[in-house]
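Fold and geometry: a report
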Amino acid sequence: MLIKKQYDVVVIGSGPGGLAAAIEAKKGGADDVLVIERDVELGGILLQCIHNGFGLQTFKEDLPGPEYAQRYINEARTLGITFLMDTMVMDVTSQRKLYLTSQDFGYIEVDAHAIVLAMGCRERTRAQVRLPGYRPNGVFTAGTAQRWVNVEGYMPGNNFVVLGSGDIGMIMARRLTFEGAHVERVLEIQSYLSGLSRNYVQCLDDWGIPLQLQHTVKRILGKNRVEAIEAVAVDDKWNFIPGSEEIIPCDTLLLSVGLIPENELSKKAGVLLDPVTGGPFVDEHFQTNVPGIFAAGNVVHVYDLVDWVSLAGAEAGRSAAEFALAEKERSARYIPLVPGKNVRYIVPHKLDKKALEKGDISLQMRVTKPIEEDVWMEVHGEENSIVRRSERYVRPGEMVTIVLKPKMAAEVEKAGRLTVDIYPKSEA
Amino acid sequence: MEEKNFICTACPMGCKLIVRMEGDEVVKILGHRCRKGETYGRQEAIAPQRMLASTVKVPNGFHPLLPVYTKGSIPKQRISEVLEKIRAVEVTAPIKAEDVIIPNVIGTGVDVIASRDMPAKN
Amino acid sequence: MQEKYDYIVIGGGVVGAMIARWLSRYEGKLLLIEKEADIGMGCSSANTAIVHAGYDPLPGSLKALMNVRANPMWDQLAGELNFPFERRGDYVVAIGEEELPLIHKLMDQGIKNGVPGMMMLDAGEMRSRERDINPETSGALWATTGGICDPFQVTVAAAENAVINGATVLLNTKFEDFIWEGSRVIGVKTNRGDFFARWVINSAGIYSDAVMHKAGVRPEFIIKPRKGEYFIFDRAEVQIHNVLFPVPSSRGKGILVTGTLHENTIVGPNGNVIDDKEDTSMTKEGMDELLDGAKKLIPSLNLRHSIANFVGLRPMGNGPCYTPGINYNNDYVIEVPSSVQGFVNLGGIESPGLTSAPAIAEMVVDLMKDAGEEFVAKKDWDPIRPGRPRFAHMTHQERKLLCDMDPRYGRVICRCENVTEGEIVAEIHSPVPALTYDAIKRRTWLGTGRCQGGFDMTRVVAILARELGVSPFEISKRGESSEYLFRTTKDLEVSDVN
C-alpha cells in the first residue's frame, strides 16, 4: 500500500470516536482520509467489550461492543478510507506533521490538513502504589484481564476480588463468573455505586457477588502471586476504620478505579488540557486550541454511552473536513515566484493569488550582475505575460521593486508560477 | 402474599421497585415512575429475562475466540444451560457478524449470533 | 553445560557480576550462579543508583578505601560497558543552623578519605541550585565527583561482558553446599547439580553469611537486612534533577530526593533493620517515613504524584575493621580466609557497594594473586560490551534507520516509554537473557510509565512465549510461582445461577 505524504484528515484511533470521525470527514468532502490504529485490527476498546448495551440510541438496537464497531468498520471500508493498523503515532506537531512507526513500513512522516485525536483513555493504576505489602503478580486492571479473557482466550486467575464498582469491574465480575472463575467480592471506597445500576443488577446481584460500599484494600498478601487481600471499611474521609479488617483469600485483584483520557500526543502537539477533565479544551466543533487539531470521544472526557462518543466523533470529523478543505483551498491559491534571467532572488517567495484582488503586492529582488543599459523587467506566467517595465540600468547593490496590481489578478490567476526576468532591451 | 424487590434497569434512573404477588399473579407494582418500569417490574417478577453475551472457540480464527450474543433475551433461570451450550461449540472462520452460531438455543426461540466478523488466521 | 570450571562466583548481583567481569579477563573457565530467575534481582536493582563521592564512610575502613578507589573508575567502565552514567555531583543539604557543623564534619571526613572536588555552598547558593529546596537550608556540601547510574544496567552489562569473554551464567541455580577435598573447596552443590572449580567466590549478598558459614568461615559474622523503601514519581509531574542528601544519621545516609537517569525522581531509602531476608514488602510506616524525609528537603513534594514503589534489602554485616585504632564493626569482609583453600569470601557489601563494585572486583583478583593464583591474560579479551539501541532516546532520523535495518523496531509495544518489539526480542536473546516480564522491564524500562503495563502486558507475555518457544502459561513476572495465566477461557464449567 502506498502511503501518501499528505492527507486531508488524519484520525488517530479507530474506536467509536475515530471511526465516526473518519466516516463523517469522508462524507464531508475530504478526499484522503487516513485512520491510524495501534492495534492489529480496527474497533478500539469495543472489540473486548463483548457485552450488550451499545447502540440503543444510534441504531435503536441493543448490541454488543464488537458489533457496534463492526457497523462503523463496514461503512468506513465502503467509503474508501485508508487504514494503517499495528501502527503507533510517535509524535504530532502543531503544524500537523505526524511521525508514525510500524513493522510494515518503518518510520515515516505524514502531513495532515486536519487531525482528529481519538485515542480514548487508559485505566487508572495508581491505586496500588500506596498499598503496603509486596508487589506480587496477579494485580491487573479490569481492562487487561478483559483483553486476556475475551480476545486472547486466557484466564489470568481463578479467584478474584474486584476493587472499584466501575462498569468495567462489574462487567468483568460477571464475565469471569461465566467462564467458571469465582469472584469473591467487589469493594467500592465511595458510599455509592461508581457505575450504572443496571450493571449492579445484571452483573453482581444476579450472580450473588457481594458489593461492599465504603470498603477498600488495605494490604495485598502474597510475594510472587496474590494470595489474599486485606479488605477494610472506611469512613466518609476514606480513613480506615480500625477493627473492620477482613482477609479475603484470592489469587487475583482486579482494579476498576477510573479512566484517564490519554493525551500524551495531544500535549506534544501543543494542545492545552483542562486539568478537570484531563482532556483538551475544545469548542462546539471539538476543535482544540491548535487550529486544525480536533478531539473526540473519551480522549476529551470520559463518556457513559458509546452512542454519544459516535456523535462527538461525527461532529469532529465533519469540522475537520471543513477545516481541511479550507486549508487546501487556501494553500492551492499560493503560487511560487521564481527568479529568472539575471535575478538572484525574489521576496516574497510565494503569493496568494486571491490576495492580489485586494491590493498591490510588491515584489522585491536583486540582480546577479550590473546591467548598465536599458532593461526590460518582466513578470510572466508559463504562457502569459503579466507586466513588463523598463529601467535604465540595474545593479546588485540596489534593490529592484516590481509592483503587481489588482488589475493583473485575472492574468495571474491563469499561472501556476510567476517568473521574473530582467534583461537588456538590446537582447529582446 | 409475597413481596419482591428489584432495581429497575429499563433506564439509567434505577428506581427501586416493589412487586406484590399472589401466587403467580402480580397484584401491585410500586416505586416505578414510568410505563417501562411497570413493564419491567412485572416481567422481572414473573419471568425474568436477560441478554447473554459470551465467546465461542474458533481455532482457525484471527483470534482464538469469537464473541457471540443472544439475539433477544432468554429466561434468566436458564443462563447456565445456555452458557454450557455455548462452551461446547467450536466454529470455523471466516465468520460474518450476525451469522447464526446456535439457532433457537435450548428451545428458547432465540438465536446465538456472532458479534463481529472473524477472518481466518492467514 | 559442563561441570568443571576454574572459577565459580556465587551470586549475580552487581558485585558478583563485576567480579565475573574482572575474572573473565584471564584464562580459565568461569561460572556465575544466580538463584533467581534473573541477574541482579536483589538490592542491586533496588537502590538509590548513586555512585558515591566517598565522604560518608568512616576513614580507615575498607568501605572508604573501596569507595574512593572505585569512584574514578566509573567513567572508563561506563564507556566500556555502555551503561548510563552521569557525574551530577552530590548535595548534602543542611537544614537549619544546627546542621551546619555536621556537613563541615562530613567534608573533613571526605578530605581524610582522599575525596577530591568538594566544596561548601552557603544557603543562597544552595537555593539557587535547587529552586524547591527547603527555604530553611543553611548551606550544603557539594561533592562534584558524585554520580548516578542505572544500577541494573551496570549489573547486566558487567555480566554480559563476562559472557562475551567466555563466562557461563546460570540462572535459577541455587548454592546449597560446598564440595571439599580436605580443607580445600573444590566445588559447589546446587539445586541443578554439582559444579567443580579451583576457586569459589562468595558474593551472595544478603545470604553471604549463610554461604560462608557452610565453609566454616567466620561463624560470628551475621547479615541483618536493612530495609530500604522507595517511591518513584511521575516524570510529568515531578522533575528534580539534582542528587539531594540530608545530613546523615546513625541509621545511614538518610532519605534522599534525587533525579535518576530515567528522568524520574525517587525518594528513599529509609533504613529499618528487619529479621526476614525475604521481606521486601512496603510498609505503611515506611511510606510515612519517606514522606517526612522527602519533605525535609523538598517541602512541596506530593505523594499524589508517585507512580510506583520498590524495596531493597541491604546486607548489613558485622565485619570488623582491621585498621589499627579504628573501632568499627560494620565494615566489608573481602578476604581469602586462611582456614580454607580455594575460597574468596565477601560479606556485608552494603552502601557504598554499588560504587565500590569495580574496586572490589579488582581487589578480589589481587587477593587471589597474592594467594598464589597465576592469572594469564586472555589475548582476545574484549573490554567492550556493546550497548543496544533504545528507540525512546533516538531522533527521528535514527529511528528511521533502525526500522529500515530491522522492521521489528517499528512495532511499539510499550507506548508510554516507547519500547519496541525489536528491543524486547533483543533482550530475550541477549548474552544474559531476559526470561520474565520483570527482566524485560528492568532492561528496557517498559511498563514503568503512565499506564504501568496496561497496554504492553498482554503483548509482552505473547512475545516471551513466542521467542522462548514455551506455552504462555509458563510466562511469569519474576520467576516460578509468579505466572500470569492459569488456563484457557473455555476449560471449566460454569457455576449455577443463584
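Located above this text is the structure these notes cover.
Residues numbered from 1 in each chain as written. Chains lettered and ligands numbered in written order. Predicted model: local features only at pLDDT ≥ 70, side-chain atom pairs only at ≥ 80, totals over all residues. Heavy atoms only, no water.

Some remarks on the overall build of chain A
On a plain count of helices and strands, chain A comes out with eight helices and 26 strands. At 31 Å, chain A has a C-alpha radius of gyration far larger than the 22 Å of a compact globule built from 428 residues. In terms of its C-alpha atoms, chain A occupies a principal-axis envelope of roughly 105 × 45 × 40 Å. Taking all 428 residues of chain A together, the buried fraction comes to 57%. Of the contacts formed within chain A by residues at least 6 apart in sequence, a portion of 62% connects residues at least 24 apart. Surface accessibility of chain A: about 17200 Å² in total, with carbon and sulfur atoms responsible for 51%. Once the 48 positive and 57 negative side-chain charges of chain A are each reduced to a mean point, those two points are 7 Å apart. (Helix = DSSP H or I, 4+ residues; strand = E, 2+ residues; numbered from the N terminus. Rg over C-alpha atoms; globule rule 2.2 N^0.38 Å. Buried < 20%, exposed > 50% of the residue type's maximum accessible area, 1.4 Å probe, protein only. Contact = heavy atoms within 4.5 Å. Areas by Shrake-Rupley, 256 points an atom, 1.4 Å probe, with all protein chains shown as cover. Lys, Arg positive; Asp, Glu negative; His and termini not counted. Charge placed at Lys NZ, Arg CZ, Asp CG, Glu CD.)

Observations regarding the side chain of B:R87
On the secondary structure map, B:R87 appears in helix α2 (residues 79–88). You can call B:R87 buried: its relative accessible area is 18%.

Regarding helix α3 (residues 74–81) of chain C
Residues and elements named next belong to chain C. When α3 is considered as a whole, its buried residues turn out to be W74, L77, A78, E80 and L81. End-on view of α3: buried residues confined to an arc of 165°, all on one side of the axis. Taken from the residues just after α3, N82 is the one with a positive phi, measuring 55°. (Arc of directions from axis to C-beta.)

Looking at the interface of chain C and chain A
Between chain C and chain A, the contact holds 64 residues from the first and 53 residues from the second. Buried surface at the junction of chain C and chain A, summed over both partners, amounts to about 5200 Å²; 52% is from carbon and sulfur atoms. Per-residue buried area on chain C facing chain A is highest for C:R450, C:F486 and C:T489; these three make up 13% of the total on that side. One can count four salt bridges joining chain C with chain A. Of the charged contacts in the structure, one is a salt bridge between A:D86 and C:R411, with a shortest N-O distance of 2.8 Å. Elements with a contribution of two residues or more to the side of chain C that touches chain A: α8 (284–297), β19 (306–317), α10 (396–405), α13 (457–468) and β24 (487–488) of chain C. No other element matches the six residues that β19(C) contributes to the side of chain C that touches chain A. Of the residues contributing to the side of chain C that touches chain A, the split by class is 25 nonpolar, 18 polar and 21 charged. Of the pairings in the sheet, the one linking strand β9 (residues 154–155) of chain A to β24(C) comprises two bridges and is antiparallel in character. (Buried area = accessible area lost by both parts, 1.4 Å probe. Salt bridge = Lys/Arg side-chain N within 4 Å of Asp/Glu carboxyl O. Nonpolar A, V, L, I, M, F, W, Y, C, P; charged D, E, K, R; others polar. Pairing = 2+ DSSP bridges.)

Re the packing of helix α1 (residues 16–27) of chain A against helix α7 (residues 306–332) of chain A
The axes of two packed helices give the description: the angle between them and the distance between them. All names here are of chain A. In contact at an axis separation of 7 Å, α1 and α7 are set at 40° when each is read in the N-to-C sense. Both α1 and α7 take part in a crossing whose hand is right-handed. Taking contact as the criterion, the partners of P16, G17, A20, A21, E24 and A25 in α1 are, on α7, V306, V309, S310, G313, A314, G317, R318 and A321. Among the residues forming the contact of α1 with α7, the class breakdown is eight nonpolar, four polar and two charged. (Axes fitted to C-alpha atoms, helices over the stretch in contact; angles between N-to-C directions. Left-handed = near helix turned anticlockwise from the far one by under 90°.)

A few points about the sheet that holds strand β25 (residues 400–404) of chain A
Residue and element names in this part refer to chain A. Spatially, three strands are ordered β20-β22-β25 in an open sheet, and the strand pairing comes out antiparallel. Each edge of the open sheet is held by one strand with a lone partner, namely β20 (343–347) and β25. Between one strand axis and the next, the sheet turns by 25° as a mean value, whatever way the strands run. Note: strand β22 (residues 361–367) against β25, five bridges, orientation antiparallel.

Focus on the sheet that holds strand β8 (residues 100–102) of chain B
All names here are of chain B. In spatial order, the strands read β5-β6-β9-β8; together these four strands make up an open sheet with antiparallel pairing. The sheet is open, and its two borders are formed by β5 (53–57) and β8, each paired with just one other strand. Adjacent strand axes in the sheet meet at a mean angle of 40°, parallel and antiparallel pairs treated alike. In terms of strand pairing, strand β6 (residues 65–70) meets strand β9 (residues 112–114) through three bridges, oriented antiparallel. Following the sheet pairing, T70 is matched in β9 by V112.

Quick notes on the packing of aromatic side chains
All names here are of chain A. Under the defined criterion, the tally for this structure stands at 21 aromatic pairs over all chains. Aromatic pair F140 and W148: ring centres 5.3 Å apart, planes at 75°, arrangement edge-to-face. W148 matches F140 in its accessibility class, with the two residues each being buried. With centroids separated by 5.0 Å and ring planes inclined at 75°, the aromatic side chains of F178 and W207 adopt a geometry described as edge-to-face. Taken as a pair, F178 in helix α4 (residues 167–178) and W207 in the loop between α5 (197–205) and β12 (211–213) lie far apart in primary sequence, 29 residues in all. (Phe/Tyr/Trp six-rings, centres within 6.5 Å; stacked < 30°, edge-to-face > 60°.)

Remarks on the packing of helix α3 (residues 142–152) of chain A against α13(C)
Two elements in contact, α3(A) and α13(C), have axes separated by 9 Å at closest approach and are oriented at 55°. Between α3(A) and α13(C), the angle falls in the class oblique. Packed against α3(A), whose contacting residues are A:T144, A:R147, A:W148 and A:E152, the element α13(C) presents C:M457, C:T458, C:R459 and C:V461 at the interface. Considering only residue class, the contact of α3(A) with α13(C) consists of three nonpolar, two polar and three charged. (Parallel < 35°, antiparallel > 145°, perpendicular 65-115°, else oblique.)

Remarks on the pairing of strand β16 (residues 256–259) of chain C
Residue and element names in this part refer to chain C. Burial of β16 is two-sided: the residues L256 and T258 facing one way and the residues V257 and G259 facing the other way are all buried. With two bridges joining them, strand β15 (residues 243–246) and β16 adopt antiparallel strand pairing. When the sheet's bridge partners are listed, L244 is paired in β16 with V257. Inspection of the sheet shows β16 paired to strand β17 (residues 265–268) by four bridges, in the antiparallel sense. Across the sheet, residue V257 finds its bridge partner in β17, namely V267.

By themselves, these are just geometric observations and shouldn't be taken as functional.
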